[in-house]
Amino acid sequence: MKIQIINGPNLNLLGLREKDIYGEISFEDYFKSLTNKFPKLELHYFQSNIEGEIIDKIHEIGFDFSGIVLNAAAYTHTSVGIADAVRSVKATTIEVHISNTISREDYRHISYVAPNAKGIIMGFGLYSYDLAISSFMKKL
Ligand code: DQA
């Protein structure tokens, strides 16, 4: 089963950025542990700070891969384009966030992705991604 993880803007700075919120580990290091933990899955990772590149990636894999684990980061709260892309493809998307966005600023309470996602996992640190991937294994 092919699963695409897509991370949005500033998540390339994990391990350096606001460590109190986002932790001390880079996503590249965490991704290695994920691939070891789920050897039966074909996990792919993509990160971009550019909205259109995220949309292109969803189009590229969205009719081939079974699932997308999407942390659109700040674009979660602003991007109709990413929301439409999620809705347009066959793959099932799970929205994830490292932090609990509902416990933060009001502008983080809105998600344009959420209505088009199967579900949302947030607030568990990087473990949010483990939970999302595990849920795909159960469902499919
Ligand atoms: C985030 C939450 C967003 O509000 C924020 O803009 C991010 C990261 C999270 O994973 O907690 O960049 O998506």
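A. Region of the structure containing the side chain of Asp-130. For Asp-130, the location among the structural elements is in helix α5 (residues 127-139). Judged by its relative accessible area of 6%, Asp-130 falls in the buried class. When neighbours within four sequence positions are excluded, Asp-130 is seen to be in contact with Tyr-30, Leu-34, Lys-37 and Phe-38.

B. Representation of the site of the ligand. Taken together, Arg-17, Tyr-22, Asn-71, Ala-73, Ala-74, His-77, His-97, Ile-98, Ser-99, Thr-101, Arg-104 and Arg-108 make up all the residues around the ligand. One of the side-chain nitrogen or oxygen atoms of Asn-71 is found 2.8 Å away from an oxygen atom of the ligand. In this structure, an oxygen atom belonging to the ligand sits 2.7 Å away from a main-chain N or O atom of Ile-98. The fraction of the free accessible surface of the ligand (320 Å²) that becomes covered by protein chains is 98%.

C. Seen up close, the sheet that holds strand β2 (residues 42-47). Here five strands make up an open sheet; going across it, the order is β2-β1-β3-β4-β5 and the pairing parallel. The two strands at the open ends of the sheet, each matched to only one other strand, are β2 and β5 (119-122). Averaged over all pairs of adjacent strands, the angle between their axes in this sheet comes to 20°, without regard to strand direction. Bridge analysis of strand β1 (residues 2-7) against β2 gives six bridges, and the strand direction is parallel. Counterpart to Ile-3 in the pairing with β2 is Leu-43. Helix-sheet contacts for helix α2 (residues 27-37) involve β1 and β2, and the interaxial angle to β2 is about 170°.

D. Fine view of the packing of aromatic side chains. Considering all chains together, one arrives at five aromatic pairs under this definition. Relative to Tyr-30, the ring of Phe-27 has its centre 5.4 Å away and its plane inclined at 70°; by these criteria the two rings are edge-to-face. Within this pair, Phe-27 and its partner Tyr-30 are both found in helix α2, separated by three residues, close to a single helical turn. Each member of the pair, Phe-27 together with Tyr-30, is buried. Put simply, the rings of Phe-27, Tyr-30, Phe-31, Tyr-45 and Tyr-129 pair up and form one aromatic cluster. One residue, Lys-57, lies across the ring of Phe-46, its end atom 5.0 Å from the ring centre.

E. A look at the nonpolar core. Of all hydrophobic cores here, the largest spans 23 residues; its most connected members are Ile-5, Phe-27, Leu-34, Leu-43, Val-69, Tyr-129 and Ile-133. For this core, the elements supplying multiple residues, two or more each, are β1, α2, β4 (92-97) and α5.

F. Representation of the packing of helix α3 (residues 51-61) against helix α4 (residues 80-88). Running from N to C, α3 and α4 point in directions that differ by 0°, and their axes come no closer than 9 Å. Here α3 lies roughly parallel to α4, going by the angle between them. Every residue of α4 that contacts α3 at Glu-51, Ile-54, Ile-55, Ile-58 and His-59 is listed here: Gly-81, Ile-82, Ala-85 and Val-86. Taken together, the residues of the contact of α3 with α4 break down into six nonpolar, two polar and one charged.

Reading guide: rules and limits
Residues numbered from 1 in each chain as written. Predicted model: local features only at pLDDT ≥ 70, side-chain atom pairs only at ≥ 80, totals over all residues. Heavy atoms only, no water. Helix = DSSP H or I, 4+ residues; strand = E, 2+ residues; numbered from the N terminus. Buried < 20%, exposed > 50% of the residue type's maximum accessible area, 1.4 Å probe, protein only. Contact = heavy atoms within 4.5 Å. Near = heavy atom within 4 Å. Polar contact = N/O pair within 3.5 Å; in protein donor to acceptor, adjacent residues only side chain to side chain. Areas by Shrake-Rupley, 256 points an atom, 1.4 Å probe, with all protein chains shown as cover. Pairing = 2+ DSSP bridges. Axes fitted to C-alpha atoms, helices over the stretch in contact; angles between N-to-C directions. Phe/Tyr/Trp six-rings, centres within 6.5 Å; stacked < 30°, edge-to-face > 60°. Lys NZ or Arg CZ within 6 Å of the ring centre and 35° of its normal. Core = buried A, V, L, I, M, F, W, Y, C linked by side-chain atoms within 4.5 Å. Parallel < 35°, antiparallel > 145°, perpendicular 65-115°, else oblique. Nonpolar A, V, L, I, M, F, W, Y, C, P; charged D, E, K, R; others polar.

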